[in-house]
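Each chain, written out:
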Amino acid sequence: ELKESSLINKEKTVSFVSRLESKHKNAFLSVKAWKEIHEKFPDWTLKIYGTGSLSQKMKQFCNAENIKNVEFLGFVENINAELAKSSISISTSNSEGFSIAIAEAIANHNAIAITDSDGGVSDMVIAKKTGLVSPKNNEKELANNIYLLITNENLRKQLAENAYQHLKEKTTTNIFDEWKNLL
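Residues numbered from 1 in each chain as written. Predicted model: local features only at pLDDT ≥ 70, side-chain atom pairs only at ≥ 80, totals over all residues. Heavy atoms only, no water.

## As for the pairing of strand β3 (residues 70-74)
Each regular strand displays side chains that alternate between the two surfaces of the sheet.
Inference 1: Note that strand β2 (residues 45-49) and β3 share four bridges and pair parallel. Looking across to β3, one finds that Leu46 is bridged to Val70.
Inference 2: Since β2 and β3 lie parallel, the crossover through helix α2 (residues 55-64) that links them has a hand, and here it is right-handed. (Pairing = 2+ DSSP bridges. Helix = DSSP H or I, 4+ residues; strand = E, 2+ residues; numbered from the N terminus. Right-handed = clockwise from strand over helix to strand, strands pointing away.)

## A few points about the nonpolar core
The tendency in soluble globular proteins is for nonpolar side chains to be buried side by side.
Inference 1: Core analysis: the largest hydrophobic core is formed by 31 residues, its most contacted members being Val14, Trp34, Leu46 and Ile146.
Inference 2: Residue assignment for this core shows that the elements contributing at least two residues are β1 (13-17), α1 (28-37), β2, α2, β4 (88-91), β6 (111-115) and α6 (139-151).
Inference 3: Sort the elements by how many residues they give to this core and α1 lands first, with six residues.
Inference 4: Contacts of Leu46, omitting those with residues within four sequence positions, involve Val14, Phe16, Ser30, Val31, Trp34, Asn69, Val70, Glu71 and Ile90.
Inference 5: Within the second largest apolar cluster, 14 residues are counted, among which are Leu83, Ile102, Ile106 and Val125. (Core = buried A, V, L, I, M, F, W, Y, C linked by side-chain atoms within 4.5 Å. Buried < 20%, exposed > 50% of the residue type's maximum accessible area, 1.4 Å probe, protein only. Contact = heavy atoms within 4.5 Å.)

## Focus on empty space enclosed by the protein
Inference 1: For the coordinates displayed, the defined rule picks out one cavity of 30 Å³ or more.
Inference 2: What the largest cavity holds in volume is close to 40 Å³.
Inference 3: The wall of the largest cavity is formed by Ser15, Phe16, Val17, Leu83, Ser89, Ile90, Ala101, Ile102 and Ala105.
Inference 4: Contributions of two or more residues to the lining of the largest cavity are made by β1, β4 and α4 (100-107).
Inference 5: Considering only residue class, the lining of the largest cavity consists of seven nonpolar, two polar and no charged. (1 Å grid on protein atoms, 1.4 Å probe; cavity = no way out; pocket = protein on both sides within 12 Å on 5 of 7 lines; lining within 4 Å. Points joined across faces, edges and corners; volume = space filled by probe spheres on them. Nonpolar A, V, L, I, M, F, W, Y, C, P; charged D, E, K, R; others polar.)

## Observations concerning α4
Inference 1: In terms of burial, α4 is largely enclosed, as six of its eight residues are buried.
Inference 2: Those residues of α4 that fall on the buried side of the exposure criterion are Ile102, Ala103, Glu104, Ala105, Ile106 and Ala107.
Inference 3: Positive phi appears at His109, one or two residues downstream of α4, with a value of about 60 degrees.

## Some points on the pattern of salt bridges
Inference 1: The final tally for this structure, using the stated rule, is eight salt bridges.
Inference 2: A salt bridge links Glu96 to Lys25; its shortest N-O distance comes to 3.1 Å. Here Glu96, found in strand β5 (residues 95-96), pairs with Lys25, found in the loop between β1 and α1; they are 71 residues apart in sequence, far enough to count as distant. (Salt bridge = Lys/Arg side-chain N within 4 Å of Asp/Glu carboxyl O.)

## Re the layout of surface pockets
Inference 1: In this structure, the largest pocket encloses a volume near 360 Å³.
Inference 2: Considering the residues around the largest pocket, the lining is formed by 23 residues, among which Val17, Ser18, Arg19, Tyr49 and Ala101 are closest to the centre.
Inference 3: The greatest single-element share of the lining of the largest pocket, amounting to three residues, is contributed by α4.
Inference 4: Each residue belonging to the lining of the largest pocket can be placed in one class, and the counts come to 11 nonpolar, eight polar and four charged.
Inference 5: Its boundaries defined by the atoms lining it, the second largest pocket holds a volume of some 150 Å³.
Inference 6: Considering the residues around the second largest pocket, the lining is formed by 12 residues, among which Lys10, Ser87, Glu153, Arg156 and Lys157 are closest to the centre.
Inference 7: Sorting elements by how many residues they give to the lining of the second largest pocket places helix α7 (residues 153-170) first, with four residues.
Inference 8: By residue class, the composition of the lining of the second largest pocket is four nonpolar, two polar and six charged.

Pasting the structure below:
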């Protein structure tokens, strides 16, 4: 039986879970997109989980651009507990296999905004059905999609629920239940 964490105690958080690298992950795009809209949503926080070669550069960018509502949390032991509280998750990958980070975000009923990616994430995130998709390397469009999810709670909840049901259907019930219990 699935544990329904859906939409209970959701915080005004946009989460980004990734290795902070430029190749494939394109992690810097997360803070560039947030720069576009952070001032409109001072009560929302971009939480960045992960480490990598871009970590310092991303922190320096946020300081230089005076972006206050962003937190760099590094590696977190129980990412699932964090995603359970998050409302929105983003991915900036240019290419990705099966994205565990996005699957975990969907399992925790987060609305998803991604940049178009080669690979497995497109199986989970179908534009305007299970999430919002912007072109690769386009921080303005990614920012716009995050903006839509923040300002439209109904859209946020609908996409999160659609993605959850879609992921459930794509995985066999036994594996999904075992995986959910494991998380």
